[in-house]
Structure formats: C-alpha cells, structure tokens
Amino acid sequence: MDENKLSKIYRHYKKNIIFLELKIENYEYFSYYIRIDYIKKYKQFKLIWFDMNLMEDDDIEKYANYEYIPSIMVDYIKEMVEENESIYINQENNETEGKVSLLVNARCKDGYYYSAHFLKYIPKDCDYIADIFFILFDHLPHKLCDLYFELNAELTDTVEKYECQNKFKFNLFKDDLKSLFGDDVYNRGEEYFKESKVLFLEEQNGKYFAVVEGSTNYVVVIEYTEETNETQVHCSCPCEFFCKHVCAVILAIRKKKFKNFYKVAIKDDDATLIEMLTNFKYILCLSVQDNLIEIIDNTLNILFVEILDKNKVNNWVVLEDSKDKIIEKGLEEAVKKYGK
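Residues numbered from 1 in each chain as written. Predicted model: local features only at pLDDT ≥ 70, side-chain atom pairs only at ≥ 80, totals over all residues. Heavy atoms only, no water.

## Examining unusual backbone geometry
For clarity, the cut-off: Put simply, DSSP marks the helices as runs of H or I at least four residues long and the strands as runs of E at least two long, and each gets a number from the N terminus on. Here the term buried applies to any residue with accessible area under 20% of the maximum for its type, exposed to any over 50%, and partly exposed to those in between, with areas from a 1.4 Å probe on protein chains only.
Positive phi, close to 50 degrees, is recorded for Asn 26, a residue that is not glycine. Position of Asn 26 relative to the elements: it lies in strand β1 (residues 17-27). The residue Asn 229 is not glycine, and still its phi comes out positive at about 55 degrees. Looking at Asn 229, the relative accessible area reads 27%, which means it is partly exposed.

Structural data, given as structure tokens:
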C-alpha cells in the first residue's frame, strides 16, 4: 500500500484515536484502507474508509467515506479478540498480491493489541475474524459485498470459485491439467474434446474464444500471458469452478484444433469490409436457423437475433464465412422466405 498516501491520512486524523484499521492491498487490483476512530469531540466511533486507487492529491476529505458505528459493536469486537492470539501467515513468496492486515487496539491473549496478517482469504483456524469483517462490511457500501464474500472463501469452501475467475499461474501448454481440474472433470473434458464438442476455437488479440456443445452451447474465453504464465478463464456455464468445457478447450488449443467463427456485422454503407474487421465492428456468428442468426453478444452470451428488421430488410453483412458459404446462403434463404 502506498505509504505516502497512508502517512497523509494519519496526519489528517492525528487528533482521533484509532481503534481498528484494516488494510486490503493489491486484492484483484483493488486497495482499501478502512479504520474505526474514536472522535473525542463527539464522543463516538466512526468508520472511515478509502479506495486508495482513487487518491490523486492531498485533499484527504475528498476521498474519505464516513459511517457512524455504535459503541456496542466496538465492545463486541473487543470481546472477540480478548481470548485469541495474533496470527501471521508467511508472505515471503507473495509479498504484493492479496495482502490483508488487521490491527485492533484491544488487548489480546498474547499481547497488548491484536493483529492479523494473511493472504487473500481468512484462514479456517481463525474463523472468529469473520465476525469482525462482518461488522465492518455491514457498514460499508453494498458494492464491496463481493469482496467480503471472497475474503470468506476458505471458510465457505468456495475458494475454487474465485480462483477460477481470477488470474492464476498456469502454463497453458505444458502444465498438468489434472492438477487444475482433478481426475473426474479432466476425464469429462477429454471426452468432450474427443467427441468434437469444441465447435469453434479462435485466437483473437491474445485471447482464445471458443464455443463448446453441452446441454446448450457455452462460450469459453481463455486469456493467457506467455511471458508471466498467467491464465484467466471464463465459461458461460453455471459451474463456479474449473469446468469440463474449459478443459476441453485447453486440450483443443494444445492439439491446435482451431476452427474460426463466422463473422458478421450490421451494414454500414460508409465502411469497407476491411475497415469493419480492423475496427472490430464484427460479431462472432455460429449459425443461421430459419429467420434467426446465432451470435455472441458483448457480454459473451449466445443469442438468436432476427435476421430481418421491422421493414423485412436484411441489414447483416457477412465478413467471414465457410467455404460453402453457410451463413450467406442462410441469410439469402431468410430474405426469400420472409422478406419483401
């Protein structure tokens, strides 16, 4: 956390008595500083928090967010730390990512104040901390709820859900897939690959886009940074872990079983096809079915959209098609059947 920014905050509130402070550093690119102060002038406690990434100048009040917190909550936090010892988890191997530090100026079992330092998730053997975090986040904006649930991932056995959504160290071409997916999911993913259920697979601008056939068709996106071996995956299926669809796509990438998407665009009379492609005005297309065109929207969902507009005119142009022109022929058939 930026020590220069912190020192400015400390100076600004030097007349207050700090009861608690929580630092959440480089947590999925976010950094928050949260504290509970006793304000002598008003004889009450206030929770003050900062999004440290937003601080650009010395005007502390501009970035401060306040919330009154009842003294009974403060007393409850004191009670929770009295019978517990401070904890520290070795951070030598990961000093910059997902650091969490909690300091409570209340006497604990092994010292004059309570402190906890850990990486990313509240440790299972320190579940009492979750109550402290609940009090804090209950007084913070709802937009931080996702962060609260992620902090509790080890306690709720949902770590895999969050690790799947975030970047992680994994060599996309060499590392053992079973170590990532487990035997059962890997075997199902291998079946999907062998059964050619990876319908489309294409690399675009450093990302792999794919569609996998399942109970319905699912969109898979894999982003891989070769220099750092950082991988991030997304699948539109309901699973909140590394799923068989992602596994099948990685196997297809390794075996170089690529099949480009069809590409379409809304007609723009002033733009050439090359301009549409280079300006990324195209839409990934899967098929044409009767009067519907199957596309992937900008939220990575598969949609069926009517080909003809309300005037029964086709406004789609084909930018990339199969050799036998499946999409172009489908559009022509729709115009013949339903157009003017």
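## With respect to the pairing of strand β14 (residues 283-289)
Just so we agree on the cut-off: Think of it this way: DSSP has to see at least two bridges between two strands before they count as a pair.
Across the seven residues of β14, six count as buried, placing the element largely inside the fold. Note that strand β13 (residues 262-266) and β14 share three bridges and pair antiparallel. The partner of Tyr 262 across the bridge, within β14, is Cys 285. For β14 and strand β15 (residues 292-296), the ladder comprises four bridges, and the chain directions are antiparallel. When the sheet's bridge partners are listed, Gln 289 is paired in β15 with Leu 292. Taking the residues between adjacent antiparallel strands as the criterion, β14 and β15 are bridged by two residues, where Asp 290 takes a positive phi near 60 degrees.

## Details of the sheet that holds strand β12 (residues 230-235)
Quick note on the threshold: The contact definition used throughout considers only heavy atoms, calling two residues in contact when any of these lie within 4.5 Å. Lines fitted to C-alpha atoms define the axes here, with helix axes fitted over just the stretch in contact, and angles between the N-to-C directions of these axes take values from 0 to 180 degrees.
Pairing is antiparallel in the open sheet, where five strands are placed in the order β8-β12-β11-β10-β9. Whereas interior strands pair on both sides, the edge strands pair on one side only; in this sheet they are β8 (168-169) and β9 (198-204). Note that β9 and strand β10 (residues 207-213) share six bridges and pair antiparallel. Each bridged residue has a counterpart across the sheet, and for Glu 202 the counterpart in β10 is Phe 209. Most of the contacts of helix α8 (residues 244-254) go to strand β11 (residues 217-225), to which it runs at about 55 degrees, and overall it touches β9, β10, β11 and β12.

## Section: the packing of aromatic side chains
Applicable threshold: Any two of the Phe, Tyr and Trp rings considered here, Trp counted by its six-membered ring, make a pair once their centres fall within 6.5 Å; the pair's planes then place it as stacked at under 30 degrees, edge-to-face at over 60, or tilted in between. Consider the ring centre and the ring normal. A charge sits over the ring if Lys NZ or Arg CZ is within 6 Å of that centre and within 35 degrees of that normal.
Counting across every chain of the model gives 20 aromatic pairs. Aromatic pair Phe 200 and Phe 261: ring centres 5.0 Å apart, planes at 10 degrees, arrangement stacked. Placement of Phe 200 in strand β9 and of Phe 261 in the loop between α8 and β13 is noted, with a sequence separation of 61 residues between them. Here Phe 200 and Phe 261 have matching classes, each one buried. Here a set of aromatic residues connected by ring pairs shows up, and it is made of Phe 118, Phe 133, Phe 134, Phe 137, Tyr 148 and Phe 149. Over the ring of Phe 200 we find Lys 259; its NZ or CZ atom is 4.9 Å from the centre of that ring.

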